[in-house]
Number of protein chains: 2
Amino acid sequence: MDAREAAAEAPMDDVAALMETLGRRARAAAEQLATVPTAAKDAALRAAAAAVRARAAEILEANAADMQAARAKDLPPAMLDRLRLDGGRVDAIARGLEEVAALPDPVGSVTEEWTRPNGLRIQRVRVPLGVIGIIYESRPNVTADAGGLCLKSGNAAILRGGSESFHSSRAILAALQDGLRAAGLPPDAVQAVPTRDRAAVGALLGLTGLVDVVIPRGGKSLTARVAAESRVPVIYHLDGICHVYVDRAADVEKARAVVMNSKMRRTGICGAAETLLVDRTVLDSHLRPILADLLEAGCEIRGDAAVQALDPRVRPAAEEDWETEYLDAILSVKAVDGVDAAVEHIQRHGSHHTDSIVTKDAATAERFLSRVDSGIVLWNASTQFADGGEFGFGAEIGISTGKLHARGPVGAAQLTSYKYVVRGDGQIRP
Amino acid sequence: MDAREAAAEAPMDDVAALMETLGRRARAAAEQLATVPTAAKDAALRAAAAAVRARAAEILEANAADMQAARAKDLPPAMLDRLRLDGGRVDAIARGLEEVAALPDPVGSVTEEWTRPNGLRIQRVRVPLGVIGIIYESRPNVTADAGGLCLKSGNAAILRGGSESFHSSRAILAALQDGLRAAGLPPDAVQAVPTRDRAAVGALLGLTGLVDVVIPRGGKSLTARVAAESRVPVIYHLDGICHVYVDRAADVEKARAVVMNSKMRRTGICGAAETLLVDRTVLDSHLRPILADLLEAGCEIRGDAAVQALDPRVRPAAEEDWETEYLDAILSVKAVDGVDAAVEHIQRHGSHHTDSIVTKDAATAERFLSRVDSGIVLWNASTQFADGGEFGFGAEIGISTGKLHARGPVGAAQLTSYKYVVRGDGQIRP
C-alpha cells in the first residue's frame, strides 16, 4: 500500500464534521447554480470534457493504482472490468460530458401556464432540486456522468464512489472542477467525498437540510442500505424483475423477437427480462419455438411443470425464481391462465420496473397496460427499451421504481423541482 | 370518562400489528381503486356527502362528547373552536365532498406524449400514488376533506386525526365508508386509526412498502416530529414565514393594499405575511402610510431601528422575529438596501413557502421571482393567494415547502405519480 492509498484508507477523526462542511459548500454552490445561464453550465461541461482528455494520462495512472489494489484484493473479473479504464473509455467519458452539454436545459422551462379569473397569471417553472448526493459502486465513469447531469440541471452534487475506484474518481473529479473554474462556476458544484471511511455514507444520508435527495446507483445491497438508513429523501430502484407476457393473441414471430431481445440483448442491465409468462393455451404454438431460440442462444430455462413438459432441458423453477433478478442468461418461465393471471403474477412478484405484453388484441393490451403498476409498461416491444436514452431523455442517472417525484428513467428534467411564479397587478384576496 | 372514551384511551397490546393490518387493507383497496372509473369514485363521494347529511345528528352527538372531554381538559378557546361542529359546519363537510366529486379526475390523464424515431409511441400517464397516510390535529372536517381528495385521486387513505376529535372523526368516517359501499368500492379505501394510542403514529411512519407517503397537517411540532421520525416519504410544510418586499419602484397604493391583505385578511393561515421588507429609500413615502394602515387595523409592528424611527408605536424587533411564524396580528418590518438585500434576507430567514414583491419595475420583479427559492413567488399580489383553491386546483390537502414530488399547493393532481405507457409493433432494441 503506497502513501496515497494509506491516506485514503485512514479512518477519519470526525467524518460527520467533514461531511457537514461538504454539505454547506454544496448548498452555497447550489444557490449560485440555480440562476446561472445555460451557456455557462454548457461551457463548464465542454471545458470538463476537454480537461478529461488533457488529464487522460493522469486519470489512467490513478486507475492503474486502483486496479493494482483491486487485483491484490482478488476482486472478481466482472468487477475488475467495470473498474478498468483505457484510452477509449476515457474518451467516452469526455464524449458523455459533451453530450450532456448538448441536451436542452430543463431549468426555467414553463411546464404549465394559466390565467385566473382575477387576472393573476400563474406559471409552473422548473427549478433545480438543490444538492444531490450520488452513492455508487465501482464504475469510475459515473463520477462524470452523474456530476455532469447534476450540473446540467443546476444542482450541486456530492459524489461518493466505490472505494475500489477512489483514485480514478478523484482524477476525473479534478477534470470536472477544471471545467467549472474555466466557466467561472464554483468548483464546489461537484465535490467528492475525500475519504473511503464508510462512516461518510451514513453521515451523507443524515444531512437533511443540506442535501435534498440521495440517489444510489449500484447493486441491491447498496440501494437497500441507503433506503433503510437515509434521513434524506431517496430516488432509487431496488431491482428490475421485468416480465414479458405472451398472450394467446400474440403474433408468434413478434413474440419470439421481443422475448429474445428482452432477455438476451444484454443480460446484465436492469431492463433485462427475468420472467416469461405465457398463456396456457399457446404453449405449443408460441412457447415451444421461443424456448428453442433461448436454449439455442445459451439461456438457461427454469420453468413450472407445464413448461418443463415442453422440453427436457427446462429445469424446475423454485418459488424464489419468480423473484430473482438473475442479471444473467437465465429465464424463469411460467404458464398462466390469460392476461389477468399474468397481471396478478406481476403485481405479486414484480418490482414495478418494466413489463411488456405481446398481443394483437388491443383490449387485452390496454387491460395489461392499465393494471400493471410499473414505471414502464410496454405493448409489443422489448423491455430493454427501459432506458433514458431510448426514451429520448439523453443521459440518465438511473431508473426509479419509486412513485414519489420521479418514476422510470431519471434524466436531467427529473432532477428538477418547480416553483409557481404568479404575476399580478395589485390583486388582493377577497 | 364514559365507556367509549375509556376504550379509545386504553393503550393497545400490539399497535404495530394493528397498524400493519390497516396498511395491508389499504394496499389491497388501493390496488382496486387504481383502475376504477371516475364515475364510481364520484358516486362514492356524492353518496358520502348524502351520508354525512343523513348522519348529522350522530356526528353532532359524537362531537358533543369530544367537546365535553376537551372542556374537561381545559383546552384553549381557539382549539375548542377548531374542534366544534354545528349544523352549518356539518353541511359544509358534505358540500366539500360534493365539490371534490365535481373536480376533474387526474388519474389516466396523459401529461406528455411523443413518438420515437423507431416508431414507439410513449405516453406519460397519471396514476395514483397508492396509500397515503394523513396525520392531523383537531379539525374533524379534515377527515372528510383529506379522505375525499385521496379517493378522488385513486389513493387509499389511512387517517390519524387529533385525539381531541377522535369521536367526531369516527362518525364522519362512517359516512365516508357508507359512500364507498354505496358505490361498490372497498370501504378500506378510507380507514382511520381506531386508537388514540400515540404509538400508532410511530407505527404508521414505519410502514414502508405499505404506505407510499405521509402528509402531516398541523402545527410545527407535529410536522417536525413526522419529518424527523418517518421512514415513509413525507410531503409537508414546516412553516410559512412569508415575506412582502416593497421595492423603491413600488406603486404606493398597491403596496398598501398588498401588505394589508397579506398580513391582515386572515392572520392564522400559512400564507399570511410575517415579515415586511421595504427599500430603505422609500421608508418615508411608502412605509409610513403602510405602518399607519397596519397600526390602525390593530397590528403590532416589530421593526429594526430605521422602522422604529418612523413611529413611536413600533416595538424593537429581536433576531428571532425574522424567523417567527406569528399566525397573529404581528408583523416584523425591516429596511433593506434594494432587491438583492431583500432576496438575501428571504433566503436566509424564510421558509421557502410564499414571497411577494411589489414594484413597477419588471426587471427588478424578474430578479426577485427567479432568485427567491420558494414554492410560490408573486409580483404585485397578496401572499394570501397561496391556496389550492385560488390556484384553481379545487380542494387542497396542504402547501408543500419541500422540493421533492410536490411543491406549493397539493391538490388531487399532486397526489398522483405517473407511468410510461409505450406502444409498439414488435420493436426490439438494437
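Each residue is numbered by its place in its chain's sequence as written, counting from 1. Each chain gets a letter, beginning with A, and each ligand a number, beginning with 1, in the order they are written. Residues qualify for local features only when their pLDDT is at least 70, as the model is predicted, and side-chain atom pairs are given and counted only at 80 or more; totals for whole chains, interfaces and linings, by contrast, use all residues. Calculated side-chain values reflect all of the structure's heavy atoms, with hydrogen atoms and water omitted.

### A look at unusual backbone geometry
Residue and element names in this part refer to chain B. Applied cut-off: In this description a helix means any DSSP run of H or I spanning at least four residues, a strand means any run of E spanning at least two, and both kinds are numbered starting from the N terminus. Classification of residues uses two cut-offs on accessible area relative to the type maximum, computed with a 1.4 Å probe and protein chains only: under 20% is buried, over 50% is exposed, and between them is partly exposed.
A positive phi angle, close to 60°, is found at H352, a residue other than glycine. Relative to the helices and strands, H352 resides in the loop between α14 (338–349) and β12 (354–358). Judged by relative accessible area, H352 falls into the partly exposed class, the value being 30%. Even without glycine at this site, H405 takes up a positive phi of about 70°. You can see H405 is positioned in the loop between β14 (398–400) and β15 (408–410).

### Quick notes on the interface of chain A and chain B
Here is the rule: Whether two residues are in contact is decided by their heavy atoms: any pair within 4.5 Å suffices. Values labelled buried area give the accessible surface lost by two parts on being combined, using a 1.4 Å probe and summing over both. The working definition used for a salt bridge is a side-chain nitrogen of Lys or Arg within 4 Å of a carboxyl oxygen of Asp or Glu. Here a polar contact is taken to be a pair of N or O atoms separated by no more than 3.5 Å, where protein atoms must pair a possible hydrogen donor with a possible acceptor and residues adjacent in sequence count only if both atoms sit in side chains. Three residue categories are used. Nonpolar comprises Ala, Val, Leu, Ile, Met, Phe, Trp, Tyr, Cys and Pro, charged comprises Asp, Glu, Lys and Arg, and polar comprises the others, including Gly.
With 69 residues of chain A at the interface, the matching set in chain B holds 69 residues. Note on chain A versus chain B: buried area summed over both sides is about 5,800 Å², and carbon and sulfur give 49% of it. Among the residues chain A hides against chain B, the three largest losses belong to L404, Y420 and R429 of chain A. Together they make up 14% of the total. Joining chain A to chain B, the criterion identifies seven salt bridges. Close ionic contact of E390 of chain B with R429 of chain A constitutes a salt bridge, the shortest N to O distance being 3.3 Å. Run the count over chain A and chain B and you get 55 residue pairs in polar contact (both at pLDDT 80 or more). Looking at the side of chain A that touches chain B, the elements that each hand over two or more residues are β2 (121–128), α10 (220–229), α11 (252–264), α15 (362–371), β13 (376–381), α16 (388–391), β15 (408–410) and β16 (416–427) of chain A. Top element by residues in the side of chain A that touches chain B is β16 of chain A. It accounts for eleven residues. The residue inventory of the side of chain A that touches chain B, partitioned by class, reads 32 nonpolar, 20 polar and 17 charged.

### Focus: helix α6 (residues 87–102) of chain B
All names here are of chain B. Inclusion rule: To estimate how far a helix should reach, multiply one less than its number of residues by 1.5 Å. In this context, the arc is that of the directions from the helix axis out to the C-beta atoms.
In this model, α6 (16 residues) spans 23 Å end to end at C-alpha, consistent with the 22 Å of a helix rising 1.5 Å per residue. Where α6 is concerned, the buried positions are V90, I93, A94, G96, L97, V100 and A101. The buried side chains of α6 occupy one side of the element, clustering within an arc of 150° when seen end-on. Turned more than 90 degrees away from the buried face of α6 sit E99 and A102, all of them exposed. A distance of 3.1 Å separates the backbone nitrogen of G88 from a side-chain oxygen at the start of α6, and that oxygen is part of D86.

### Quick notes on the relation of the copies chain A and chain B
This is how the line gets drawn: Least-squares superposition of the copies uses the C-alpha atoms of those residues scoring a pLDDT of at least 70 in each of them.
For the match of chain A to chain B, the screw axis carries a shift of 0.0 Å, the RMSD comes to 0.0 Å, and the turn is 180°. Such values leave the two copies arranged in the relation of a two-fold axis. Considering only C-alpha atoms, the residue of chain A closest to the rotation axis is H405 of chain A, which sits at 1.9 Å. A share of 100% of interface residues in chain A that are also interface residues in chain B marks the association as one of identical surfaces.

### A short note on the pairing of β2 of chain A
Residues and elements named next belong to chain A. Heads up, the condition is: Strand pairing follows a simple DSSP-based rule, namely that at least 2 bridges must link the two strands.
Counting buried positions along β2 yields six of eight residues, so the element is predominantly enclosed. In textbook terms, the turn of a hairpin is the stretch between consecutive antiparallel strands, and for strand β1 (residues 110–115) and β2 this stretch comprises five residues, one of which, G119, has a positive phi near 95°. Taken together, the eight bridges between β2 and β16 define a ladder with antiparallel strand orientation. Paired with I122 across the bridge in β16 is V422.

### Some words on the environment of C150 of chain B
All names here are of chain B. Along the chain, C150 falls in helix α7 (residues 141–152). Between the C-alpha atoms of C150 and V422, which are 272 residues apart in sequence, the distance is 27 Å. Not counting chain neighbours up to four residues away, the residues in contact with C150 comprise I132, I134, N155, A157, I397 and L415.

### Some remarks on the UniProt feature "domain: Aldehyde dehydrogenase" (unreviewed entry) in chain A
Note the following rule: UniProt positions are given in the numbering used here, feature names are shortened, and annotations may be inferred rather than shown by experiment.
According to UniProt, the positions carrying the feature "domain: Aldehyde dehydrogenase" (unreviewed entry) are residues 20–288 of chain A. With 51% helix and 17% strand, the stretch residues 20–288 of chain A has end C-alpha atoms that lie 59 Å from each other.

### As for the side chain of T195 of chain B
Along the polypeptide, T195 of chain B turns up in the loop between β5 (190–192) and α9 (199–205). Within polar-contact distance, the side chain of T195 of chain B engages the backbone nitrogen of D197 of chain B at 2.9 Å.

### Examining the sheet that holds strand β7 (residues 242–246) of chain B
Here we have ten strands laid out as an open sheet, ordered β1(A)-β2(A)-β16(A)-β13(B)-β12(B)-β7(B)-β8(B)-β11(B)-β9(B)-β10(B), and mixed in their pairing. Each edge of the open sheet carries a strand with a single partner, namely β1 of chain A together with β10 (315–316) of chain B. Bridging between strand β9 (residues 300–303) of chain B and strand β11 (residues 330–336) of chain B involves four bridges; their strand directions are parallel. Note that in β11 of chain B the partner of G303 of chain B across the bridge is V333 of chain B.

### As for the pattern of salt bridges
Counting across every chain of the model gives 67 salt bridges over all chains. Where K220 of chain B meets D239 of chain B, a salt bridge forms, and the shortest distance between an N and an O atom there is 2.8 Å. Remark: D239 of chain B occurs in the loop between α10 (220–229) and β7 and K220 of chain B occurs in helix α10; sequence separation between them is 19 residues. Look at K220 of chain B and you get partly exposed, because its relative accessible area is 47%. As a salt-bridge pair, R256 of chain B and D293 of chain B come within 2.9 Å of each other at their nearest N and O atoms. With a gap of 37 residues between them, R256 of chain B in helix α11 (residues 252–264) and D293 of chain B in helix α12 (residues 283–296) connect regions that are remote in the sequence. Look at D293 of chain B and you get buried, because its relative accessible area is 17%. Linked through salt bridges whose partners overlap, the residues forming this network are R53, D91, R95 and E98 of chain A.

### Re the pairing of strand β3 (residues 131–136) of chain B
All names here are of chain B. To be explicit about the condition: The path from the first strand over the helix to the second decides the hand: if it runs clockwise while the strands point away from the viewer, the crossover is right-handed.
With six of six residues buried, β3 lies mostly within the body of the structure. Side-chain alternation along β3 places V131, G133 and I135 on one buried face and I132, I134 and Y136 on a second face that is also buried. The handedness of the β3 to strand β4 (residues 156–160) crossover, carried by α7, is right-handed. Sheet topology note: the β3/strand β6 (residues 213–217) ladder contains five bridges and is parallel. Note that in β6 the partner of I132 across the bridge is V213.

### Some words on the sheet that holds strand β4 (residues 156–160) of chain A
Residue and element names in this part refer to chain A. Put simply, the rule reads: Angles run from 0 to 180 degrees between N-to-C directions of axes, and those axes are lines fitted to C-alpha atoms, restricted for helices to the stretch in contact.
Taken in spatial order, the four strands make up an open sheet running β5-β4-β3-β6, and their pairing is parallel. Of all the strands in the sheet, the pair left with one neighbour each is β5 (190–192) and β6 (213–217). Averaged over all pairs of adjacent strands, the angle between strand axes in this sheet comes to 20°, irrespective of strand direction. In the sheet, β4 pairs with β5 via three bridges, with the strands oriented parallel. Paired with L159 across the bridge in β5 is A192. This element, helix α2 (residues 15–33), spans β3 (131–136), β4 and β5 of the sheet and lies at about 145° to β4. Its contacts with the sheet place helix α7 (residues 141–152) against β3, β4, β5 and β6, and it is angled at close to 165° to β3.

### What about α14 of chain B?
The first and last C-alpha atoms of α14 of chain B sit 17 Å apart over twelve residues, in line with the 16 Å expected at 1.5 Å per residue. Of the positions making up α14 of chain B, those classed as buried are G338, V339, A342, V343, H345, I346 and H349 of chain B.

### A few points about the packing of aromatic side chains
Put simply, the rule reads: Ring geometry is summarised as follows: Phe, Tyr and Trp rings, the Trp one being its six-membered ring, pair when their centres sit within 6.5 Å, and such pairs are stacked at plane angles under 30 degrees, edge-to-face over 60 and tilted between the two. To sit over a ring, a charge needs its Lys NZ or Arg CZ within 6 Å of the ring centre and within 35 degrees of the ring normal.
Under the definition given, this model contains 14 aromatic pairs over all chains. Note on W114 of chain A and Y420 of chain A: the rings are 6.4 Å apart at their centroids and 80° apart in plane angle, and the pair reads as edge-to-face. Placement of W114 of chain A in strand β1 and of Y420 of chain A in strand β16 is noted, with a sequence separation of 306 residues between them. Look at Y420 of chain A and you get buried, because its relative accessible area is 1%. Members of the aromatic cluster, each reached through a chain of ring pairs, are W114, Y418 and Y420 of chain A together with F391 and F393 of chain B. The residue whose ring lies beneath R124 of chain A is Y418 of chain A, and the NZ or CZ to ring-centre distance is 3.7 Å.

### Considerations on the environment of G398 of chain B
Residues and elements named next belong to chain B. Along the chain, the position of G398 falls in strand β14. In this structure G398 comes out as buried when scored by relative accessible area, which is 17%. It is 9.0 Å that separates the C-alpha atoms of G398 and I235, two residues lying 163 residues apart in sequence. Sequence-distant contacts of G398, defined by excluding residues within four places in its chain, comprise G408, P409 and V410.

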